[in-house]
Amino acid sequence: MLDSRVAETLSQILGPKGFTTDAQDIAPWLTDWRALYTGKASALASPASVAEVQAVMRFAAEHQIPIVPQGGNSSMVGGATPDARGDAIILSTRRMNAIRSLDAQANIVVAEAGVILANLHDAARAQGRRFPLTLGARGSATIGGLVSTNAGGTQVLRFGTMRKLVLGVEAVLPDGQIYEGLAALKKDNRGYDLTQLLVAAEGTLGVVTAASLRLVPDILDRAVGWLGVESPEAALSLLQRLEAESGEAIESFELVPDGSLQLVLQHIPGTRAPLGGAHPWHVLVEYVRTNAAAVAPEVALEALLATALEAGLCQDAALAVSEVQADAFWKLRDSISEAERAHGPAMQHDISVAVEDMPRFIREASLAVERAFPGVSVNAYGHLGDGNVHFHVRAPAGVNGPEWRLSTGKAASHMVYDLVTAAGGSISAEHGIGQMKRDELGRLSSPARLTALRAIKSALDPKGIMNPGKLIP
Ligand code: MLT
Ligand code: ZN
């Protein structure tokens, strides 16, 4: 319970729309979207301006109240869910949802933390520009969360993760000071890069309130293909060939094992397989054109795929004949998580290794895990060209989900993370650490990494009030 004087003061600062201690109002924000974590909170603060965030943070610092920043609540690792103690205030950025400026000439947009990604896409498109980062949760994920987790998604191949697109950040630090780093300077050598330090900090160093982001020209048109391939090795060779022959026109290249496609077809209404025959692996490829003088994308992609078929790099291919069909192909890819959730328990591992090494890793690690834990099945899908797949281990049919997760599931996760670490990779490629991977980060990081992480955290947040229990082991 929050001290009644504290609640009274915050309520006065934030107004009725900005502050509540009502359990019913708070309840929807206590559980993550995958329903893996449920915590408790004493209040929900929804400031509408950076000044209000500052007021909350000053107050929290003075009274040592834990603050859990939350955007769209679409964290994959429990990063925005409070812990079980119940003394935290959830600080929702939802009401800070203005696009402060959009300069099409300079290709810079300044968006507040609560702007939903899909809304940013629309705003950029209205000015002939686009924000080149997208993901399945674009209808709920917010800019603050995307910055704070260094989100990835399905366009990283060409434009990089959020880190590459963030030009500046405004944030309120744990003691209430405002870090005004929105200016998008091409050169800035004032020592440590605080903006980039706040990217991927998962709300443990302060509250990101706005970001300056890079825009690129909008696409003129695109071609989307669905391919049947024999193996991840063949898929990677195909990608390398497509990239060599098409310059920067290939913007997405997503690997989908047949197991994942079948789950989508089974659980997501209105979906159908793009190809007639059966294939062990599939690839979704997107080819874009931004310049009218270039060859039409469907012509270019069709020619590229014809030679790939001849070379045996893919066994079959379907090109979407309309935007509606292109969206239907993308829906198959974007629904994998949802279909899997509908199907049954699974352990999710968002991992990366060197791009060249990923096909071998998928093959050997899948075999090792399936042998060690009879009855489980591995689906490794996603961003092959980034050396990042979602290596999901599905439980055998009929198990008790929560029990399985804590016993066999946990042991399988240990094994996956050990194999990734042995391969020189990362236990978190794009989803962050949150509470899901915090212990594993502690178990598998070098002393140098842990020392630096902890030193930065305690220097900026000496009272430990920012998003406790997340990221830092
Ligand atoms: C994806 O690529 O689909 C997302 O990162 C979510 C997931 O892990 O499935
Ligand atoms: Zn992903």
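Before any of the text, the structure's been laid out above.
Parameters and conventions
- Residues numbered from 1 in each chain as written.
- Chains lettered and ligands numbered in written order.
- Predicted model: local features only at pLDDT ≥ 70, side-chain atom pairs only at ≥ 80, totals over all residues.
- Heavy atoms only, no water.
- Helix = DSSP H or I, 4+ residues; strand = E, 2+ residues; numbered from the N terminus.
- Rg over C-alpha atoms; globule rule 2.2 N^0.38 Å.
- Buried < 20%, exposed > 50% of the residue type's maximum accessible area, 1.4 Å probe, protein only.
- Areas by Shrake-Rupley, 256 points an atom, 1.4 Å probe, with all protein chains shown as cover.
- Salt bridge = Lys/Arg side-chain N within 4 Å of Asp/Glu carboxyl O.
- Near = heavy atom within 4 Å.
- Polar contact = N/O pair within 3.5 Å; in protein donor to acceptor, adjacent residues only side chain to side chain.
- Axes fitted to C-alpha atoms, helices over the stretch in contact; angles between N-to-C directions.
- Parallel < 35°, antiparallel > 145°, perpendicular 65-115°, else oblique.
- Left-handed = near helix turned anticlockwise from the far one by under 90°.
- Contact = heavy atoms within 4.5 Å.
- Nonpolar A, V, L, I, M, F, W, Y, C, P; charged D, E, K, R; others polar.
- Core = buried A, V, L, I, M, F, W, Y, C linked by side-chain atoms within 4.5 Å.
- Pairing = 2+ DSSP bridges.
- Bend = angle between axes of the 7 residues up to and from the residue.
- 1 Å grid on protein atoms, 1.4 Å probe; cavity = no way out; pocket = protein on both sides within 12 Å on 5 of 7 lines; lining within 4 Å.
- Points joined across faces, edges and corners; volume = space filled by probe spheres on them.

Engineer: Before we go on, may I ask you to explain the overall build of the protein chain in this structure?
Structural biologist: Within the protein chain, the regular secondary structure consists of 17 helices and 19 strands. The globule rule puts the C-alpha radius of gyration for 473 residues at 23 Å, and the 23 Å found for the protein chain is close to it. Buried residues in the protein chain amount to 53% of all 473 residues. Within the structure as shown, the protein chain displays about 20300 Å² of accessible surface, and the carbon and sulfur contribution to it stands at 52%.

Engineer: Any chance you could explain the pattern of salt bridges here in plain terms?
Structural biologist: Any two side chains of opposite charge can pair, so long as their charged atoms come close to each other. Throughout the structure, instances matching the rule amount to 22 salt bridges. Where arginine 100 meets glutamate 170, a salt bridge forms, and the shortest distance between an N and an O atom there is 3.0 Å. Here arginine 100, found in strand β5 (residues 99-103), pairs with glutamate 170, found in strand β8 (residues 166-172); they are 70 residues apart in sequence, far enough to count as distant. Residue arginine 100 is classed as partly exposed on the basis of its relative accessible area, which comes to 36%. Taking the shortest distance from any N to any O, the salt bridge between glutamate 248 and arginine 158 comes out at 3.3 Å. With glutamate 248 in the loop between α9 (232-246) and β13 (250-257) and arginine 158 in helix α6 (residues 156-159), this residue pair connects regions lying 90 residues apart in the sequence.

Engineer: Looking at this structure, I do not really get the site of ligand 1. What am I missing?
Structural biologist: Every residue near ligand 1 is listed here: Met76, Arg333, Ser337, Tyr381, His383, His390, Glu430 and His431. At a separation of 2.6 Å, an oxygen atom of ligand 1 approaches a polar side-chain atom of arginine 333. Contact between ligand 1 and serine 337: an oxygen atom at 2.5 Å from a side-chain N or O atom of the residue. For ligand 1, whose free accessible area comes to 260 Å², the fraction covered by protein is 85%.

Engineer: Sorry, what's going on with the packing of helix α1 (residues 4-14) against helix α3 (residues 50-63) here?
Structural biologist: Helix packing geometry: the angle between the two helix axes and the distance between the axes. Look at α1 against α3: their axes get within 10 Å of each other, and the N-to-C directions meet at 165°. Regarding the angle of α1 to α3, the classification is roughly antiparallel. Between α1 and α3 lies a crossing of right-handed hand. Between α1 and α3, the contacting residues are Val6, Thr9, Leu10, Ile13 and Leu14 on the first element and Glu52, Ala55, Val56, Phe59 and His63 on the second. Classifying every residue of the contact of α1 with α3 gives seven nonpolar, two polar and one charged.

Engineer: How do you make sense of the packing of helix α14 (residues 358-372) against helix α15 (residues 401-422) when you look at a structure like this?
Structural biologist: α15 packs onto α14 with a crossing angle of 150° between their chain directions and a minimal axis gap of 10 Å. When the axes of α14 and α15 are compared, the pair comes out roughly antiparallel. Crossing geometry of α14 relative to α15 is assigned as right-handed. Where α14 abuts α15, its residues Phe361, Ala365, Ala368, Val369 and Ala372 lie against Met415, Val416, Leu419 and Val420. The residue inventory of the contact of α14 with α15, partitioned by class, reads nine nonpolar, no polar and no charged.

Engineer: Any chance you could explain the nonpolar core here in plain terms?
Structural biologist: Most often, soluble globular proteins have nonpolar side chains that are buried together. Counting 50 residues, the largest nonpolar core has Leu238, Phe253 and Phe391 as the members making the most contacts within it. What leucine 238 contacts, discounting residues up to four positions off in sequence, is Leu227, Val229, Phe253, Ala308, Leu313 and Cys314.

Engineer: I keep staring at the sheet that holds strand β1 (residues 19-20) and nothing clicks. Help me out?
Structural biologist: In a beta sheet, neighbouring strands pair by backbone hydrogen bonds and run either parallel or antiparallel. Strand order in this open sheet of four strands is β1-β2-β4-β3, and the pairing throughout is mixed. In this open sheet, the two strands that pair with only one neighbour each are β1 and β3 (67-70). Bridge count for β1 against strand β2 (residues 43-45) is two bridges, and the pairing is antiparallel. Paired with phenylalanine 19 across the strands is alanine 45, a residue of β2.

Engineer: Mind showing me how you'd approach α15 here?
Structural biologist: A turn of α-helix holds 3.6 residues, and therefore any two residues three or four places apart point the same way. Of all the bends in α15, the largest measures some 45° and sits at glycine 409. Buried within α15 we find Gly401, Trp404, Gly409, Ala412, Ser413, Val416, Tyr417 and Val420. For α15, the secondary structure elements touched by its buried residues are β16 (346-347), β17 (350-352), α14, β19 (388-394) and α16 (438-444). In this structure asparagine 400 caps α15, since a side-chain oxygen of it lies 3.0 Å from the backbone nitrogen of glutamate 403. Following α15 by one or two positions, glycine 424 has its phi on the positive side, about 75°.

Engineer: I would appreciate a short explanation of the side chain of serine 148 in the present structure.
Structural biologist: Its location among the elements puts serine 148 in helix α5 (residues 143-148). On the accessibility criterion, serine 148 (12% relative accessible area) is buried. The residues contacting serine 148, other than those within four sequence positions of it, are Leu198, Ala200, Ala201, Glu202, Gly203 and Val208.

Engineer: How should I be thinking about the sheet that holds β5 in this particular structure?
Structural biologist: If you walk across this open sheet you meet the five strands as β5-β6-β10-β8-β9, and the pairing is antiparallel. Across the chains shown, the open sheet's two edge strands, defined by having one partner strand only, are β5 and β9 (178-181). Strand-to-strand twist across the sheet, computed as the mean angle between neighbouring axes with direction ignored, equals 15°. For β8 and β9, the ladder comprises four bridges, and the chain directions are antiparallel. Counterpart to valine 172 in the pairing with β9 is isoleucine 178. Along the sheet, α3 makes contact with β8, β9 and β10 (207-214), crossing β8 at roughly 50°. Together, β5, β6 (108-112) and β10 form the strand contacts of helix α4 (residues 117-125), whose direction differs from that of β5 by roughly 35°.

Engineer: What should I look at first to understand the side chain of serine 42 in this one?
Structural biologist: Counting through the fold element by element, serine 42 comes out in the loop between α2 (23-26) and β2. Assessed through its relative accessible area of 9%, serine 42 is described here as buried. Ignoring any residue separated from it by four or fewer positions in sequence, one finds serine 42 in contact with Met1, Leu2, Thr21, Ile26, Gly86, Asp87, Ala88 and Ile89.

Engineer: What am I meant to see in the layout of surface pockets here?
Structural biologist: It is a probe the size of a water molecule, rolled over the atoms, that shows where empty space is left. The volume enclosed by the largest pocket comes to roughly 950 Å³. Lining the largest pocket are 46 residues, with Ser74, Ser75, Met76, Leu135 and Ala137 sitting closest to its centre. Within the residue set of the lining of the largest pocket, elements represented by two or more residues are β3, α5, β10, α12 (323-334), α13 (336-343), β18 (377-383) and β19. For the lining of the largest pocket, the leading source of residues is α5, giving four residues. A per-class count over the lining of the largest pocket returns 13 nonpolar, 27 polar and six charged.

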